[in-house]
Amino acid sequence: MSDSTTETTAEEALEEEVEAGADADAREAELDPETAARRKAALAQIRQFGDPVLRTKARAIDRFDDALREEIERMGHLMDDAVGVGLAATQVGVVHRLLVYRVQQGAELAALINPEVEWSGRDTESMEEGCLSLPGVLVDVDRPVYVRVRALNERGEPIMIEASGLEARVIQHEIDHLDGVLILDRTSREQRKEAMRSMREAQQAA
Ligand code: ZN
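Predicted model, so just to flag it, every value in this text is computed and none were measured. (Residues numbered from 1 in each chain as written. Predicted model: local features only at pLDDT ≥ 70, side-chain atom pairs only at ≥ 80, totals over all residues.)

Caption draft 1: Geometry of the overall build of the protein chain. Helix and strand content of the protein chain: five helices and seven strands. If you list the helices and strands of the protein chain from N to C, you get α-α-α-β-β-β-β-β-β-β-α-α. For the protein chain, buried positions account for 36% of its 206 residues. By sequence separation, contacts in the protein chain at least 24 residues apart represent 67% of the contacts at least 6 residues apart. (Helix = DSSP H or I, 4+ residues; strand = E, 2+ residues; numbered from the N terminus. Buried ≥ 20, exposed ≤ 12 C-beta atoms within 10 Å, placed from the backbone. Contact = placed C-beta atoms within 7 Å.)

Set out below in structure tokens:
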């Protein structure tokens, strides 16, 4: 297999992943071995369901220094390695209000600090979401299609984002993480039960 073929395979997997929405869950079988290994190593650094930190409400950030910018960079690399499209600081055990995301391949990494949904449109859409903290779980989540979000950038300057579709979904998913909310809380009772069962089975199999 040539390098370019391998690359295409990874890209295709990533595209499918992006279609599935949220902070992610590419099936490992669809990734080339190198990407799959990198993803596995990244997931080992991401807090998994059952870790109480995922249920913790993160506090506001008031220091905009090099340490914060390095943290953003580290989270971006981790998210890429995990083949995710978003990551919240709480998912790496840092309980403050920072999230990163990138919904379009090749785009610059977006970082939002102290994000607040200022407005959300009345239209909602249900879409399948995965989460790096819940590998193997995909559930339907209903969310507003349009949101306006106020936040600070890495230098502490106010920014405003008008997002729709997948970007809006990812931002809302990551803000949920900062509030200790998971996709299991936003899906139907049946899908939650099914997800819990499949996670238990995966744990027992491991
Ligand atoms: Zn998530």
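Caption draft 2: Here's a closer look at the pairing of strand β6 (residues 146–152). One ladder, built from five bridges, connects strand β3 (residues 110–120) with β6; its direction is antiparallel. Its bridge partner lying in β6, Trp119 is registered against Arg148. Where β6 meets strand β7 (residues 158–164), seven bridges bridge the pair, whose relative direction is antiparallel. When the sheet's bridge partners are listed, Ala151 is paired in β7 with Ile159. Counting the residues that bridge the hairpin from β6 to β7 gives five residues, and of these Gly156 lies at a positive phi of roughly 85°. (Pairing = 2+ DSSP bridges.)

Caption draft 3: Representation of the nonpolar core within the structure. In this structure, Leu87, Leu99, Val100, Tyr101, Leu112 and Ile171 are the most contacted members of the largest nonpolar core, which totals 41 residues. Here the element with the most residues in this core is helix α4 (residues 165–178); it accounts for five residues. (Core = buried A, V, L, I, M, F, W, Y, C linked by C-beta atoms within 7 Å.)

Caption draft 4: Quick look at helix α5 (residues 189–205). Relative to the 24 Å expected for 17 residues at 1.5 Å per residue, α5 spans 24 Å between its end C-alpha atoms, a close match to the ideal helical length. Within α5, only one of the 17 residues are buried, which leaves it mostly out in the open. (Expected span 1.5 Å × (residues − 1).)

Caption draft 5: Representation of the environment of Ile159. Within the secondary structure layout, Ile159 lies in strand β7. Separated by 46 residues in the primary sequence, Ile159 and Ile113 place their C-alpha atoms 9.5 Å from one another.

Caption draft 6: Expanded view of the environment of Glu116. The topology assignment puts Glu116 in strand β3. The class of Glu116 is exposed, set by 11 C-beta atoms lying within 10 Å. In this structure the C-alpha to C-alpha distance between Glu116 and Met160, which are 44 residues apart in sequence, comes to 9.7 Å.

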